[in-house]
Amino acid sequence: TRLSMSLTDVSDFYADFPLQAAVLTCGVKASVADGIAQVRAQASGWDDLEVRRNIAYIIYGGIFIGALCHYEYDVIFPILFGTDHSLWTSLQEVLFDNFVSGPLVWLPPAYLIKAVVYDYSLGEGLQKYIDDVTKNDLLQKYWTVWLPAQSISFTVVPDHLRVAFMASVSFFWFIIFSTVSSSS
């Protein structure tokens, strides 16, 4: 039998299984984006792919980002901001996600997961995050990508496809993020 899938089937998967779709999409995206970042940084190509680092990004991207995106966007935001798709509601969601969730919820766990995978202390992981924020312009880079992307996401993209859209944008963000965080 041939595997045949339409865009409607994909949309239905995201609507019917939002948590699973979020984890799968974000995990694959994180792995591929980190692989590209590693290849860009090395002259040797895919042969010297740092598997532990890639596993850290799969865990962070799939389990943490995928699951948390689903819960934040589909469960928490409707409670905090309602389900109205007005410009005011979208603005609140964009600002909250960029200036509260981003610096406090989305970014620090990447450094903590990396600390666990690379067997250094969580305190050292947090210090690397602080250094990237204060010395490597991590938040400015984050906001450059995410303020416009989330403005589109929260105003135009259907709710059930929001995580898929964010994962598409996040693919490029992960290449930037992987490059910044690997230098610390």
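Residues numbered from 1 in each chain as written. Predicted model: local features only at pLDDT ≥ 70, side-chain atom pairs only at ≥ 80, totals over all residues. Heavy atoms only, no water.

A. Quick look at the overall build of the chain. Within the chain, the regular secondary structure consists of 8 helices and 0 strands. Starting at the N terminus and walking to the C terminus, you meet the elements of the chain as α-α-α-α-α-α-α-α. For the chain, the C-alpha radius of gyration of 17 Å lies close to 16 Å, the compact-globule estimate for 184 residues. Taking the contacts inside the chain whose residues are at least 6 apart along the sequence as the reference set, 70% of them involve residues at least 24 apart. Carbon together with sulfur atoms contributes 67% to the accessible area of the chain, which is approximately 9700 Å² in total. Taking the average place of the 10 positive charges on the side chains of the chain and the average place of its 18 negative ones, the gap between the two points comes to 8 Å. (Helix = DSSP H or I, 4+ residues; strand = E, 2+ residues; numbered from the N terminus. Rg over C-alpha atoms; globule rule 2.2 N^0.38 Å. Contact = heavy atoms within 4.5 Å. Areas by Shrake-Rupley, 256 points an atom, 1.4 Å probe, with all protein chains shown as cover. Lys, Arg positive; Asp, Glu negative; His and termini not counted. Charge placed at Lys NZ, Arg CZ, Asp CG, Glu CD.)

B. A look at the pattern of salt bridges. By the definition in use, this model includes 3 salt bridges. Here Lys 135 makes a salt bridge to Asp 131, at a shortest N to O gap of 3.7 Å. You can see Lys 135 and its partner Asp 131 sitting in helix α6 (residues 122-135), 4 residues apart, about one turn around the helix. The salt bridge partner of Arg 162 is Asp 159, with a shortest N-O separation of 3.0 Å. (Salt bridge = Lys/Arg side-chain N within 4 Å of Asp/Glu carboxyl O.)

C. How the structure looks around helix α3 (residues 51-81). Most pronounced at Glu 72, the bend in α3 amounts to some 35°. Looking one or two residues past α3, Gly 82 carries a phi angle of roughly 85°, positive in sign. (Bend = angle between axes of the 7 residues up to and from the residue.)

D. Spatial organisation of the packing of aromatic side chains. Per the counting criterion, the structure on display carries 15 aromatic pairs. In this structure an aromatic cluster arises from ring pairing among Tyr 73, Phe 77, Phe 81, Phe 96 and Phe 154. Seen from the ring of Tyr 120, Lys 128 lies directly overhead, with NZ or CZ sitting 4.8 Å from the centre. (Phe/Tyr/Trp six-rings, centres within 6.5 Å; stacked < 30°, edge-to-face > 60°. Lys NZ or Arg CZ within 6 Å of the ring centre and 35° of its normal.)

E. Just helix α2 (residues 18-41), in detail. Between its first and last C-alpha, α2 extends 34 Å over 24 residues, near the 34 Å set by a 1.5 Å rise per residue. Among the residues making up α2, those that are buried are Ala 21, Ala 22, Thr 25, Cys 26, Gly 27, Lys 29, Ala 30, Ala 33, Asp 34, Gly 35, Ala 37 and Gln 38. (Expected span 1.5 Å × (residues − 1). Buried < 20%, exposed > 50% of the residue type's maximum accessible area, 1.4 Å probe, protein only.)

F. Highlighting the side chain of Ser 101. In this structure, Ser 101 sits in helix α4 (residues 87-106). Classification of Ser 101 by relative accessible area gives buried; the value is 4%. Setting aside its immediate chain neighbours within four residues, Ser 101 contacts Glu 72, Phe 96 and Trp 106.

So yeah, pure geometry; function would need other evidence.
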